[in-house]
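Descriptive structure summary
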Amino acid sequence: LKSGPPTDPTVMNTCVESKEAYLLSRQWLNYARSNPKTHKIIAGGEIDSSRGYFVGPTLIQTNDLNSPMLKSSIPGPVITMLVYPDDALESMLSWLEEPKTSKYVGSCAVWAGDRKWVRWLTDRILTVVSNVTINEKGSGLGFGREAVSSGNRSAGTGERTGSVENVMRWTVVKEVWRM
């Protein structure tokens, strides 16, 4: 993905919001690199501060249910995923529903063909996550539309950017009467 200034319409990745966010993202990428038995960078992982605080889109896979990367708010385009066997779904959902799991829970993506099962799963996880995407790219991929406030718990307001609820949060409704 091309990185650069947000004013360039051909850019798909721009810099993070601050030096602190850049340093924190770099710290998490270094954590993943220094724990190769439990973390693997599947894609991305590039960082560059030579012309701004750029963190490349990164996908990290972990096999550690207690990984701090699953329980932390990581600035920048860094996603940590946990792959688990199909027969462990019920225990994974129970783990996810526990408030002590993490105070940050944002979006969820589901790929499946059984509509009845997808409905059951969606109903169950909507108590925890704010966005569920089914058989489609993740909700954060609406470029320029994913808000800092889109997560649940301590990650934000639980609203989708562009939704009526989100717009209402930042506006004041006034009624004007004319005689």
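Our structure's up above, just so we're on the same page.
In what follows, the accompanying structure is described. (Residues numbered from 1 in each chain as written. Predicted model: local features only at pLDDT ≥ 70, side-chain atom pairs only at ≥ 80, totals over all residues. Heavy atoms only, no water.)

Attention now moves to the packing of aromatic side chains. Applying the stated rule across the entire model yields 2 aromatic pairs. Where W28 meets Y31, the ring centres are 5.8 Å apart and the plane angle is 75°; that geometry is what we call edge-to-face. Of the two residues, W28 and Y31 both sit in helix α1 (residues 19-33), 3 residues apart, roughly one turn of that helix. The exposure class of W28 is buried, given its relative accessible area of 13%. Residue classification places Y31 among the partly exposed residues on the basis of a relative accessible area of 27%. For R51, the ring lying beneath its charged end belongs to F54, and the centroid distance is 4.6 Å. (Phe/Tyr/Trp six-rings, centres within 6.5 Å; stacked < 30°, edge-to-face > 60°. Helix = DSSP H or I, 4+ residues; strand = E, 2+ residues; numbered from the N terminus. Buried < 20%, exposed > 50% of the residue type's maximum accessible area, 1.4 Å probe, protein only. Lys NZ or Arg CZ within 6 Å of the ring centre and 35° of its normal.)

Our next topic: the pattern of salt bridges. Under the criterion given, the structure shown has 3 salt bridges. The salt bridge involving R119 is made with D123; its shortest N-O contact spans 3.4 Å. In this pair, R119 and D123 are both assigned in helix α3 (residues 115-125), 4 residues apart and thus about one turn of the helix distant. We classify R119 as exposed; its relative accessible area is 57%. (Salt bridge = Lys/Arg side-chain N within 4 Å of Asp/Glu carboxyl O.)

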